[in-house]
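Below, each chain spelled out in residue letters.
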Amino acid sequence: MTDLHWLPAIPDWRQRLRALAAEPATAWDSAVALANARLNFVLTNALDETVRRVLPCGPESLATKKVRLAVLGSSTLTHLLPGIRVAGLRRGIWIDTYETDYGQYLQELSESDSALHDFQPTAILLALDAYHLTSGVTAGMDAATADAALEEMQGRISETWRLAREAFRCPIIQQAILPVHLTVLGNNEHRLPGSRAWFVTRLNQAVRVMAEQEAVDILAVDDRAARDGIGKWHDPALWHRSKQEVTPTAAPLYGDLVGRWLAAKQGRSFKCLVMDLDNTLWGGVIGDDGLEGIALGQGSPLGEAYTAFQEYARELSRRGVILAVCSKNDEANALEPFEKHPDMVLKRGDIASFVANWQNKADNIRAIAQELNIGLDALCFIDDNPFERNLVRQELPMVAVPEVSDDPTGYPVALADGGYFEGLAVTDDDRDRTSQYQGNKARDALKAAVTDLPSYLRGLEMTLIWKGFDRIGLQRIVQLINKSNQFNLTTRRYTDEDVVAVMADADAFGLQLRLTDRFGDNGIIAIVIGRLQDNKDLLIDTWLMSCRVLGRQVEPTTLNLIAREALKLGAKRLIGEYIPTKKNAMVKDHYARLGFTVMETDQAGGNRNVLNLEGFTPAETFIHVTEG
Amino acid sequence: MATEAEIYAALTEIFHDVFLRDDIVLTPELTAKQVQGWDSFKQIEIIMASEEKWGIKFNTRELDSLRCVGDLARLVGTKTA
């Protein structure tokens, strides 16, 4: 796969590109946003061309350094330049590029009056194609001749580096050689000294050793080709047609590999991985499923996949990436697996900043950045929940938010392929960075919420689809009633038969609520059971909700529905009770928040509340309500 | 299988993206000479965008035989049939 799968698709991308051209004042910021979408090569070219037209010299002032990148090569490279420039844009970096004439790179390097010298590059990419580098190598060679050819080629590359360094004194990156050649011996190709395929393998090894000695960096397209398949990178038909060694469809990825190198050179790689917990570090919801119920560790494929992700995060941490946690949870619940689950790979000590509460994640991520004393643009946030991802993308566009599915197998892939933490070297400091942060961190209280939540909610296009209890939903209803612990007012557990009894009872109603939004269907997220008492009070016997949809106005919208159903049964008042358990402290004041009056509280911490239906005005919310 | 109208609609979007112009109207007779900027590189972009769009692959002979938009649309039609 050479597509930029870790970036989200932006549905109105084309309209926004056209709008960008009309507003030069905001063009740069809009362009950076558009560059952070999953673009193919045609759209990459379109964005590049538009930006160059609107801002021919780039924005006047930038937090990043402008780059003048010279691309030196022996075949057609023009089609790779837009991808490189857009990859810079993606990271807020303006890149001007210069391409040497076809195969003229050595002359241009040596002649001080060449156009390359006029360009005065601040970075150099040496992109030599495999055909050029293996010319003269043939299967008829004996070992000594092949070795001599390899040595000669190493010398030529090294000489090119020397010329470039002496002329420009700037960073150099050497593109690894793409393994485009077919084998002629087969599996044991390495026994054929003059094999071109084997020659490329050897040259790639040798170039890495040389690069270490001469402080040159490597653009590892050979590793990418090993992952993606050489067929995704190189098309022999295109080579014959236009001498493009890298196929245009791979150009956005090629460009991104260069862009992340240039960003790393400016110290602008991401530094901290912020992780959600439920369904990101383990399967399930710790507050509902408990320590025994979450999927983690040996025994299930899903559990092993979460373990593998934790191991990848720990590997990142051991090379210097800071780890943080941002979770919607009670802190005690969130900490429990770190302290007690035998299969947790990550320990509390691996996490430099641990934030678990019920506030919105954009505010919590701000708090994490502040606590760690690093910029928001150094944070990469991973969460299985599309609602949270898009909230953070909208509120904090400088935070990287890789697009992932609900399959944990893909989480390490998204982080690695996205190149967020691109590093150039590793120091001893990197290896114990997390402990430094743990020692220093300030424990400031969370800043007051400043996120513009209403506008986000309005844009979500939420619909609450309600239905009475029915046979089709029975299994899911019973499951939720017996599983939900946190947002559960009474924690009454019912069997299939109990639920069927509610369906048959003329003085009771059951509601199953499904929430959809523009990111998809959240499934059944809430259950309510109401029972009419003899005195015309409607008792809310059960009200439970999935914590996934907390903070989205589902609660007041649900109350509107309850009131309507209660009035249909002839009720005058609603009675809501809270029965405390170890896990449902978050809904202690649920009814008071909704405008109920407290009637009584008990010693265990429970409460009973009343709402008069006469004169009840339904709350206005951003949720559209419909019957399913 | 894509209908002719669907093929032309998708090709139109590809052309608009490739040339950054929304006023190009595709007709079967349209050739590279009649569209400003339609050079061999743009030709490759159009071909590869079409391959990506329909999940097909053109071979060298097929590419060499393309003379106008109608040829391309017909080839896409044959390949997606």
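Owing to the predicted nature of the structure, the values given are computational and were not obtained by experimental measurement. (Residues numbered from 1 in each chain as written. Chains lettered and ligands numbered in written order. Predicted model: local features only at pLDDT ≥ 70, side-chain atom pairs only at ≥ 80, totals over all residues. Heavy atoms only, no water.)

Draft legend 1. The arrangement of the overall build of chain B in detail. Helix and strand counts for chain B stand at four helices and zero strands. Reading the helices (α) and strands (β) of chain B from amino to carboxyl end gives α-α-α-α. Since a compact globule built from 81 residues should have a radius of gyration of about 12 Å, the 12 Å found for chain B is in line with a globular shape. When the backbone C-alpha atoms are referred to their principal axes, chain B occupies close to 30 × 25 × 20 Å. Burial analysis of chain B (81 residues in total) assigns 52% to the buried set. Restricting to contacts in chain B with at least 6 residues of sequence separation, those with at least 24 account for 49%. Between the centroid of the 9 positive side chains of chain B and the centroid of its 14 negative side chains there is a distance of 7 Å. (Helix = DSSP H or I, 4+ residues; strand = E, 2+ residues; numbered from the N terminus. Rg over C-alpha atoms; globule rule 2.2 N^0.38 Å. Buried < 20%, exposed > 50% of the residue type's maximum accessible area, 1.4 Å probe, protein only. Contact = heavy atoms within 4.5 Å. Lys, Arg positive; Asp, Glu negative; His and termini not counted. Charge placed at Lys NZ, Arg CZ, Asp CG, Glu CD.)

Draft legend 2. Quick look at the confidence of the model for chain A. This prediction gives chain A a mean pLDDT of 92; 96% of its residues lie at or above 70. When the criterion is pLDDT under 50, residues 439-450 of chain A qualifies, and its contacts beyond four places in sequence or with other chains add up to 14 contacts. (pLDDT = per-residue confidence, 0-100.)

Draft legend 3. Quick look at the sheet that holds strand 1 (residues 67-73) of chain A. Residues and elements named next belong to chain A. Spatially, the five strands line up as an open sheet ordered 2-1-3-4-5, and their pairing is parallel. Of all the strands in the sheet, the pair left with one neighbour each is strand 2 (95-99) and strand 5 (217-219). Averaged over neighbouring strand pairs, the angle between their axes works out to 25 degrees when direction is ignored. Here five bridges tie strand 1 to strand 2, and the two strands are oriented parallel to one another. For Arg68, the partnering residue across the bridge sits in strand 2 and is Asp96. Running at roughly 155 degrees to strand 4 (residues 172-175), helix 8 (residues 143-168) makes contact with strand 3 (123-127) and strand 4 of the sheet. (Pairing = 2+ DSSP bridges. Axes fitted to C-alpha atoms, helices over the stretch in contact; angles between N-to-C directions.)

Draft legend 4. Just the interface of chain B and chain A, in detail. Taken together, the contacts link 17 residues of chain B with 22 residues of chain A. Ranking the residues of chain B by area buried against chain A places Asp17(B), Leu20(B) and Met48(B) at the top, with a combined share of 37%. Counting across the chain B and chain A interface gives six salt bridges. Linking Lys57(B) and Asp235(A) is a salt bridge whose minimum nitrogen-to-oxygen distance equals 2.8 Å. Where chain B meets chain A, there are six residue pairs in polar contact (both at pLDDT 80 or more). The set of elements that each furnish at least two residues to the side of chain B that touches chain A consists of helix 1 (4-19), helix 2 (40-54) and helix 3 (60-64) of chain B. Residue contributions to the side of chain B that touches chain A peak at seven residues, all from helix 2 of chain B. Grouping the constituent residues of the side of chain B that touches chain A by class yields seven nonpolar, two polar and eight charged. (Buried area = accessible area lost by both parts, 1.4 Å probe. Salt bridge = Lys/Arg side-chain N within 4 Å of Asp/Glu carboxyl O. Polar contact = N/O pair within 3.5 Å; in protein donor to acceptor, adjacent residues only side chain to side chain. Nonpolar A, V, L, I, M, F, W, Y, C, P; charged D, E, K, R; others polar.)

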